[in-house]
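Chains, contacts and geometry: an overview
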Amino acid sequence: MTSFPTGFLWGTSTAAYQIEGAVSEDGRGPSIWDTFAHTPGKTVGGETGDVAADHYHRHAEDVAIMRDLGLGAYRFSMSWSRMQPAGTGPLNPGGVAFYDRLLDELHAAGIRPWVTLYHWDLPQLLEDAGGWPERDTAHRFADYAAAVHARFADRIADWLTLNEPWCSAFLGYFNGVHAPGRTEPAASLRAMHHLLLGHGMATAQMRAARPDLRYGLSLNLYPVDPRSASRQDADAVRRIDGVSNRLFTDPVLASTYPADIASDLGADWPADAIRADDMATIAVPIDMLGINYYTRHVVFGGEAGTSTTAFDNGWIGCAGVGKAMRGYPVTSMGWEVDPAGLYDVLTRLKDRYPGLPPVYITENGASFDDVVTDDGQVHDAARVDYLDAHFRQARRAIDAGVPLRGYFVWSLLDNFEWSFGTTRRFGVVHVDYSTQRRTVKDSGRFLRRVATANAIPDRQ
Ligand code: IFM
């Protein structure tokens, strides 16, 4: 057995639009993802999250599954447009009632709720007013966070402001593969700044109201390595590490934007949007940093004009830089399986930022083309192997001194995987979308063994 420290937290993660459905019920307003998914050509097969995994109506069953899996915590997001349909004004009683019901179930099951306030579903009316490229959206977010926090602070101790602001900014406003689907480089950098500003303002307000609770955010981070020892590939690493990681970790953890990347981005850099006190606001102290890890980027440079992968990958300002594939096994997302990358991302973070706050893996997992076999089960051996290998790297990182305190697997359920719709399955619980029947996969049973023993069993 490979044990984890006492008190290490095991859980699963989800996000509102990916599982809830019920998009028109109990006063919920439209978000940018409703609009985007309903726009022809934006998602595989034109799928939407209108029903998704129907968690809105099946949350009691889903919490019972988590209890049965022995999980200590559940990270979910609140839908802004369910809580505050117009993005401003009083909270919607129907939305509040839903999350109260969910929290009742979680508390009764002894599962700690971790809430994410923003997992990409901006109220459409705020996008109509300009969206994240507008500074006012950061203020709207802070107001929304304060209102939700005032209502739920007695029931939720762990608060994450943003999930993966990199995706919101660059997939949403740079290459447009996510809502709201805009392809405006300069606006995407303003969006980045205002997302981070919203995080800082929201955190300060929540902490002022309840300094005894815990606050942080989740970033999607990648180890970035060169394809070769060439000077061009070293520069590609600098650039991709800059736009994927440092644009977010430097302001949050060191109160500065990376000067080399600001310089690379030239006229698109939002210098006029960054006001005097903004960096201090963004670097508000946090109690935990959530890290979402999926794969490593191995990159090459010096082939300007030969590669479109920089744009496809959302790497703003990096034309000519490519992503190399190494022939590793890939998930059905096409992402290389690289467990050692988890160790690298954690230890590099610790080395770059002395005084790193406690870290949680707030997402890690894999999509595979699972099938329910004749025995009624889902034998997802590849996902079991994936989780086993990544858990071992997490333990290695703890041994190397990383203050890692918990691990949330993405995801509890198969769900609406954004532009891929339901064609990608990340759950440790299978969802049959025609019946909404849930089937715990072998990976779910493996997670139960790990969570209940707080240890990884030896391989047979
Ligand atoms: O499904 C997403 C999630 O919403 C954010 N992080 C990555 C996951 C897998 O793509």
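Residues numbered from 1 in each chain as written. Predicted model: local features only at pLDDT ≥ 70, side-chain atom pairs only at ≥ 80, totals over all residues. Heavy atoms only, no water.

Further remarks concern the side chain of Asp338. Checked against the element boundaries, Asp338 lands in the loop between β10 (322-323) and α14 (340-352). Residue Asp338 is classed as buried on the basis of its relative accessible area of 4%. Here Asp338 is in contact with Tyr293, Arg296, Arg326, Tyr328 and His390, once residues within four sequence places are set aside. (Helix = DSSP H or I, 4+ residues; strand = E, 2+ residues; numbered from the N terminus. Buried < 20%, exposed > 50% of the residue type's maximum accessible area, 1.4 Å probe, protein only. Contact = heavy atoms within 4.5 Å.)

Quick look at the layout of surface pockets now. Of the pockets and cavities examined, the largest pocket occupies roughly 820 Å³. Along the walls of the largest pocket sit 33 residues, with Leu171, Tyr222, Met333, Trp335 and Phe420 positioned nearest its centre. Elements supplying a minimum of two residues to the lining of the largest pocket: α8 (165-173) and α13 (309-312). Of all the elements, α8 adds the most residues to the lining of the largest pocket, at three residues. (1 Å grid on protein atoms, 1.4 Å probe; cavity = no way out; pocket = protein on both sides within 12 Å on 5 of 7 lines; lining within 4 Å. Points joined across faces, edges and corners; volume = space filled by probe spheres on them.)

Taken together, Gln18, His119, Trp120, Asn163, Glu164, Tyr294, Trp335, Glu363, Trp410, Glu417, Trp418 and Phe426 form the complete shell of residues around the ligand. In this structure, Gln18 approaches the ligand through a side-chain N or O atom, which is 2.7 Å from an oxygen atom. For the ligand, whose free accessible area comes to 280 Å², the fraction covered by protein is 95%. More than half of the atoms of the ligand fall within 2 Å of the grid points belonging to the largest pocket. Among the residues forming the shell around the ligand, the class breakdown is six nonpolar, three polar and three charged. (Near = heavy atom within 4 Å. Polar contact = N/O pair within 3.5 Å; in protein donor to acceptor, adjacent residues only side chain to side chain. Areas by Shrake-Rupley, 256 points an atom, 1.4 Å probe, with all protein chains shown as cover. Sits in = over half its atoms within 2 Å of the grid points. Nonpolar A, V, L, I, M, F, W, Y, C, P; charged D, E, K, R; others polar.)

Looking at where Arg238 falls in the secondary structure, it is placed in helix α10 (residues 231-254). Residues Arg238 and Gly7 lie 231 residues apart in sequence; the distance between their C-alpha atoms is 37 Å. If we skip the residues at most four places from it in the chain, Arg238 touches Arg246, Asp260, Ile261 and Asp264.

This brings us to the packing of aromatic side chains. Inspection of every chain in the model, using the stated rule, returns 35 aromatic pairs. Taking 5.7 Å as the distance between ring centres and 25 degrees as the angle between the ring planes, the aromatic pair formed by Trp10 and Tyr407 counts as stacked. Note that Trp10 is positioned in strand β2 (residues 9-13) and Tyr407 in strand β12 (residues 404-410), a separation of 397 residues in sequence. Take Trp10 and Tyr407: they sit in the same class, and that class is buried. With centroids separated by 6.2 Å and ring planes inclined at 50 degrees, the aromatic side chains of Trp335 and Phe426 adopt a geometry described as tilted. Remark: Phe426 occurs in the loop between β12 and β13 (429-432) and Trp335 occurs in the loop between β10 and α14; sequence separation between them is 91 residues. Every member of this aromatic cluster is reached through a ring pair, and the members are Phe4, Phe8, Trp10, Phe391, Tyr407 and Phe446. In this structure, Arg101 packs its charged tip against the face of Tyr56, placed 5.9 Å from the ring centre. (Phe/Tyr/Trp six-rings, centres within 6.5 Å; stacked < 30°, edge-to-face > 60°. Lys NZ or Arg CZ within 6 Å of the ring centre and 35° of its normal.)

As a further point, take the nonpolar core. Counting residues in hydrophobic clusters, the biggest one holds 140 residues, and the most contacted among them are Met78, Phe152, Trp159, Phe170, Met192, Leu346 and Phe391. Top element by residues in this core is helix α9 (residues 185-209). It accounts for nine residues. Among the nonpolar cores identified, the runner-up in size contains seven residues, and Ala73, Trp114, Leu160 and Tyr360 belong to it. (Core = buried A, V, L, I, M, F, W, Y, C linked by side-chain atoms within 4.5 Å.)

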